[in-house]
Amino acid sequence: MAGDQDGFDSFELQCLRCGENFTGPKEFNTHFRNVIHPVPLICGHNGCERSFEHRSSLLRHCKQDHYEEGDHLPHDDSGGSSAENSEVNISLPDQNNDDDDHDGGVERQDLSNDEESSGSEDEPDLKKCAAKMVLDLRQTGGITNALVNRCQDACSDLVEDVAKTLRIKVKKFLVNENLVHTASAKALLREFNISDPFVGLKTLKQQLHYFATEMGLVVPVTYFLGYRTDHRLDPNTNEYVPTQVSMTCEYIPIIESLKLIIKNPELRHLIESDQASEDGVLRSYLDGNKAKDNPILRRHPNVIRIQLYVDDIETASALGSRTIIHKLTAFYFTIQNLPPEESSQLSSIFLLALAYSEDIKNLPDGYTKILHPFLEDLLRLQEGVEIRINDEIFILRAILVILCADTLAAHDILGFLSPSARHFCRVCMVSRPEFHVNCKAMGVPRTKESFLNHVQQVKDRVITSTECGVVRDTPLHCVGYFSAVDDAPFDIFHDILEGVAHVVTLLALRSFIVNKKLFTLSEFNDRVTAFSYGIPDIKNKPSANFTTKRLFSSHFLQKGSQTWCLIRVFGFLVSDVPSEDPYLKLVNLLQQCMMIIFAPEIREEDVTRLEVLIDELLGLFQQLHIGPIEILDVDEEEEMEAAAAGPAIEREVAVTPVNKLHHIHHYPKMIRDMGPPIRYWCMRYEARHHIFVKYATNMCNFINVPKSMAQMHQLCTLNGVLKRTLRKDNLELHSGEDLEANDSPYSELLIGSGLLPTNIVTDVGAAIIAGEDFRPGLFVVLKKIPLLFGIIKNVYHCEGRVFFIVRAWKTDERINKRYCAYRITPDMEAEPLCIEYKNLEHHLAYAHWNPFGKREKYISLRTILV
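Quick notes on the rules
Residues numbered from 1 in each chain as written. Predicted model: local features only at pLDDT ≥ 70, side-chain atom pairs only at ≥ 80, totals over all residues. Heavy atoms only, no water. Helix = DSSP H or I, 4+ residues; strand = E, 2+ residues; numbered from the N terminus. Buried < 20%, exposed > 50% of the residue type's maximum accessible area, 1.4 Å probe, protein only. Contact = heavy atoms within 4.5 Å. Core = buried A, V, L, I, M, F, W, Y, C linked by side-chain atoms within 4.5 Å. Pairing = 2+ DSSP bridges. Axes fitted to C-alpha atoms, helices over the stretch in contact; angles between N-to-C directions. Parallel < 35°, antiparallel > 145°, perpendicular 65-115°, else oblique. Left-handed = near helix turned anticlockwise from the far one by under 90°. Bend = angle between axes of the 7 residues up to and from the residue. Nonpolar A, V, L, I, M, F, W, Y, C, P; charged D, E, K, R; others polar. Salt bridge = Lys/Arg side-chain N within 4 Å of Asp/Glu carboxyl O. Arc of directions from axis to C-beta. Patch = residues over 30% accessible without salt bridge, like charges linked within 9 Å, V, L, I, M, F, W, Y side chains within 5 Å. Areas by Shrake-Rupley, 256 points an atom, 1.4 Å probe, with all protein chains shown as cover. Lys, Arg positive; Asp, Glu negative; His and termini not counted. Charge placed at Lys NZ, Arg CZ, Asp CG, Glu CD. Phe/Tyr/Trp six-rings, centres within 6.5 Å; stacked < 30°, edge-to-face > 60°.

Chemist: In this structure, what is going on with the overall build of the chain? I would like to understand it.
Modeler: Per the secondary structure count, the chain includes 32 helices and 24 strands. In the chain, buried positions account for 50% of the 866 residues. The long-range fraction of contacts in the chain, counting pairs at least 24 apart against all pairs at least 6 apart in sequence, stands at 65%.

Listed below in structure tokens is the structure:
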């Protein structure tokens, strides 16, 4: 070892076992943390054979017995040691350490303190901490720039006050110890002069630059689309004059976005772990026929599967005068390789492009221009893009597999006529007159080849668009394997929850209330209000806003989740309607269809069953509203007046079937090709729109809305990727009480599940696991074959494990079609069971229904059980 005039921090140390040299105790500590050394540790300096149990003891020995000897230090002209030598003793907690074994316990206690004082822990970067705080504030979308600046100023003052307080306290300590005049003490006090950590983060521009250079933010890129005419103020004449303005869109490079996602090790592991089912059950796109026929997926099974979504967003007030000019068209994408519980989170929906809706519609090739950079990147990703993560090289591959959109947006981007066209279906060639006469009508199936043939014929003016329903080709066809006919499935959110369910429900209520007068509209609204929906559906309870006018329309004012809840409990709300009523049977058929359509796991026999149910549903609808019933042209207001004043008989008025009734005819094939529709429905994308509405409300900047919105969204995305926590690991406990397992009334069950009698368990009022609420009084599935439900009596938590004390209830083997639910009764002879959460056959708690006027209890399932 050799001394150095810079003090012990520059003292050269050597590891005797490894033979490596280190400068100062900081490097020496780092080496010992990275390399495991057997004890005892031997000094070995100049033949020194002293041994130590802890490296802190070894360092203290080197400092006292070797560094301060003086003969190892270079002597200066004045003789004696430098000032640094006396300062080293300041940090020594014990100057008399002759017996290492005697001080073993003290040394172990002082080890962490010595390591902290010697810099064993990384010093936090205040600038980065400040940046993360700003990122958290930006993610909410409900905070203005002015409020972010005020938070920064307040935090800067707080940091300054804390540093000043600590400096005063440390200075008093140094004065009391008569050390304040040493050079090291002065250097220590200077460390409390902390500068403002928010310097360089004050403005949005500075924040974007910092996040892009230091934290991997993907900055939106502006692309030119064309020119439009706008009115701008002429400062010379103070008049608004027509001016040519550039039309632009904001594109977020998908390759850079995927790089940011792949750099997260947890997300990369999830993507690489994605596999098809081995038991024949349809669970994802990989289990469908399309995946099996895709040549790229056959060569590269783990390629990233991109799911594209497009929709319009109204950022201005819906009642304002600028609802059109500030409407945006947003393109999102999600990664199908992620597990459903992760991909369904809003933070897993990534922005791809943003532009004014009017700019896209006014350009003859608007979608082609806005998608051009994305499609270029996609072609590169098909071949593979080499990326570097740390010291590893990865080949990044991705393909587009599905386009998700509502019917109107899908027709626009794919090149079909509007949904009101004669040939309204993008899967078959059925015509509207055929469908109006027979709602079971099916046309000749479309193919990609027939679609392209129609495009060419329309371009050559051989046929018109009206004759085929096609206007132009879609830019997505530049991706060779993509098909406008086969790869843009119908959306169950818009088709069912905002379409067929509304029509069927309103027709049934019209029959029960207006024609048969089984109950009044006011009574039905009261039932909707008074019904016990239970914890799982309390947020989805429908609104009691049904009116006579809405009964004679095709749509009621309910959100999609409210409609789903209303359909499932509809039989209980109209419990006084006879079971054989055809309109109630129509609702029951829709309930059974929805249990399969909305299921996350579907078997082949379920798809076959769905075909039968859809055929019965459309057949009964045909019989009630289209078949032998004479079509009457009755004004809506006259119809309502006649219904209110007329006798309680069924009015024979035909109903024009909506397009969405035809769409469900294609669902079985769609499920076989692409897996469960719940994996590519639009509901979660619709929820992602809300953050843009918040941004528009708070930023009040309408000069270039797409640019501002895209920047803010990317800040939110970055925060979500950096703070990624897996949803399956999310656990939230409410109102807990600690006790020993042996003191619980269910101690034998807990001990039998692997807990020790002395383990501390928490008896919690509710456990929210992966977003699902489990609490006493709710039901879970104990068995699937035969079906058996159990009620949760207690919920216990111990060291990250959740246990349910459950008592089984007797369950009818067959579903009650009248309620589309299972009848259950208490089983007084059933012994309580202890089931750990991970061992539940089905991880959903189900709502407990109690029909009006009856004492029976029923369980209404959301979906089928596989």
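Chemist: What is the right way to read the nonpolar core from this model?
Modeler: Within soluble globular proteins, side chains that are nonpolar generally end up buried alongside one another. By size, the foremost hydrophobic cluster in this structure holds 207 residues, and its most contacted members are F211, I254, L258, F331, L414, F524 and F598. If one sorts the elements of this core by residue count, helix α20 (residues 492–515) sits on top with 15 residues. Residues I769, L782, A808 and Y837 belong to the second largest nonpolar core, which totals 17 residues.

Chemist: I'm lost on the sheet that holds strand β17 (residues 772–774) in this one. Help?
Modeler: Neighbouring strands of a sheet are bound in pairs by backbone hydrogen bonds; such pairs are parallel or else antiparallel. Strand order in the open sheet formed by three strands is β13-β16-β17, with antiparallel pairing between adjacent strands. The open sheet has two edge strands, β13 (731–734) and β17, and neither has a second partner. Averaged over all pairs of adjacent strands, the angle between strand axes in this sheet comes to 20°, irrespective of strand direction. When strand β16 (residues 766–769) meets β17, the two strands line up antiparallel, connected through three bridges. Across the sheet, the residue bridging to A767 is F774, located in β17.

Chemist: How should I be thinking about the packing of helix α24 (residues 582–597) against helix α25 (residues 604–625) in this particular structure?
Modeler: Two packed helices can be described by the angle between their axes and the distance between those axes. Viewed as axis vectors pointing N to C, α24 and α25 meet at an angle of 155°, and their least axial separation amounts to 9 Å. The angle between α24 and α25 places the two elements in the roughly antiparallel class. Two packed elements cross with a definite hand, and for α24 against α25 that hand is left-handed. Facing α24, whose interface residues are P582, Y583, K585, L586, L589, L590, Q592, C593, I596 and I597, α25 presents D606, R609, L610, L613, I614, E616, L617, L620, F621, L624 and H625.

Chemist: In this structure, what is going on with α20? I would like to understand it.
Modeler: Residues separated by three or four positions in an α-helix point in the same direction, a consequence of the helix having 3.6 residues per turn. Considering bend angle alone, the principal kink of α20 is centred on A501 and spans about 35°. Burial within α20 is extensive, with 23 of its 24 residues counted as buried. Among the residues trailing α20, K517 stands out with phi positive, at a value near 50°.

Chemist: Is there a simple way to explain the packing of helix α6 (residues 145–176) against helix α7 (residues 183–190) in this structure?
Modeler: Interaxial distance between α6 and α7 falls to 10 Å at its minimum, and their mutual angle equals 165°. It follows that α6 is roughly antiparallel to α7 by the angle criterion. For the crossing formed where α6 meets α7, the hand is right-handed. Of α7, the residues touching α6 (which contributes R167, V170, K171 and L174) are A185, L188 and L189. Residues of the contact of α6 with α7, tallied by class, amount to five nonpolar, no polar and two charged.

Chemist: Explanation requested: the pairing of strand β7 (residues 304–314) in the structure shown.
Modeler: Looking down a regular strand, the side chains alternate between one sheet face and the other. Summarising burial for β7: nine of the eleven residues are buried, a large majority. Of the pairings in the sheet, the one linking β7 to strand β12 (residues 398–404) comprises six bridges and is parallel in character. Following the sheet pairing, Y309 is matched in β12 by C404. Bridging between β7 and strand β8 (residues 327–335) involves nine bridges; their strand directions are antiparallel. What sits directly across from V310, in β8, is F331.

Chemist: What's the story with the pattern of salt bridges in this structure? I'm lost.
Modeler: A side chain of one charge can pair with a side chain of the opposite charge when the charged atoms of the two come close. Enumeration according to the criterion identifies 20 salt bridges in this entry. The salt bridge involving K516 is made with D581; its shortest N-O contact spans 2.3 Å. Here D581 lies in the loop between α23 (560–573) and α24 and K516 lies in the loop between α20 and α21 (521–530), a separation of 65 residues in the sequence. The buried category is assigned to D581, whose relative accessible area is 6%. Ionic contacts of the salt-bridge type, sharing partners, join the residues D153, D196 and K202 into one network.

Chemist: I tried to follow helix α8 (residues 204–214) on my own but got confused; where do I start?
Modeler: When α8 is considered as a whole, its buried residues turn out to be Q207, L208, Y210 and F211. In an axial view of α8, the angular spread of the buried residues amounts to 165°, which keeps them on one side of the axis. The exposed residues of α8 that point more than 90 degrees off its buried face are K205 and H209. In this fold, the buried residues of α8 make contact with α5 (126–140), α6 and α31 (705–722).

Chemist: How should I be thinking about the environment of L308 in this particular structure?
Modeler: Within the secondary structure layout, L308 lies in strand β7. Relative accessible area serves as the criterion here: at 0%, L308 is assigned to the buried category. With residues near it in sequence (within four places) discarded, L308 still touches F331, Y332, L352, F374, L400, I402, L403, C404 and L476.

Chemist: Got a minute to help me understand a nonpolar patch on the surface in this structure?
Modeler: A cluster of nonpolar side chains, namely L158, V162 and L166, defines an oily patch on the protein surface of about 260 Å² accessible area. Overall, the relative accessible area of 42% leaves V162 in the partly exposed class.

Chemist: Explain unusual backbone geometry to me, please; I cannot follow it from the model alone.
Modeler: Residues apart from glycine generally show negative phi values, whereas peptide bonds are mostly found in trans. Cis peptide bonds are those with omega within 30 degrees of zero, and the linkage from I785 to P786 qualifies with -15°. Among the secondary structure elements, P786 is positioned in the loop between β18 (779–784) and β19 (787–798). In the Ramachandran plot, N178 falls in the positive-phi region, its phi being about 60° despite a non-glycine side chain. Position of N178 among the secondary structure elements: in the loop between α6 and α7.

Chemist: Would you take a moment to explain the environment of A501 for this structure?
Modeler: Among the secondary structure elements, A501 is positioned in helix α20. Considering only alpha carbons, one finds A501 and H555, 54 residues apart in sequence, at a separation of 9.1 Å. With residues near it in sequence (within four places) discarded, A501 still touches I496, F556, T563, I567 and L590.

Chemist: So what exactly am I meant to see when it comes to a negative patch on the surface here?
Modeler: A contiguous patch of negative charge on the surface is contributed by E123, D125, E191 and E214. For E191, the position within the fold is in the loop between α7 and α8. Judged by its relative accessible area of 58%, E191 is exposed.

Chemist: For this particular structure, what's the right way to read the packing of aromatic side chains?
Modeler: Aromatic ring pairs are reported here in terms of the distance separating the ring centres and the angle at which the planes meet. Taken as a whole, this structure holds 29 aromatic pairs when the rule is applied. Taking the centre distance of 5.7 Å and the plane angle of 50° together, the rings of F572 and Y858 count as tilted. With F572 in helix α23 and Y858 in strand β24 (residues 857–859), this residue pair connects regions lying 286 residues apart in the sequence. Just as F572 is buried, Y858 falls in that class too. Ring-pair connections join several aromatic residues into one group, and the members of that group are F512, F519, F524, F546, F556 and F570.

Chemist: Just checking my understanding: could you explain a positive patch on the surface for this structure?
Modeler: Taken together, the side chains of K585, R609, R814 and K817 make up a positively charged region of the molecular surface. Here K817 shows up in the loop between β20 (801–811) and β21 (822–826).

Chemist: Mind showing me how you'd approach the sheet that holds β12 here?
Modeler: Ordered by their spatial adjacency, six strands build an open sheet running β5-β6-β9-β8-β7-β12, and the pairing between neighbours is mixed. The open sheet is flanked by β5 (221–234) and β12, the only strands paired with a single partner. Each neighbouring strand pair of the sheet contributes to a mean axis angle of 20°, computed without reference to strand direction. Where strand β6 (residues 239–251) meets strand β9 (residues 350–356), three bridges bridge the pair, whose relative direction is antiparallel. Bridge pairing in β9 places Y251 opposite A353. Relative to the sheet, helix α15 (residues 366–383) contacts β5, β6, β7, β8, β9 and β12, its axis offset from that of β12 by approximately 140°. Strands β5, β6, β8 and β9 of the sheet are contacted by α31, whose axis makes an angle of about 175° with β9.

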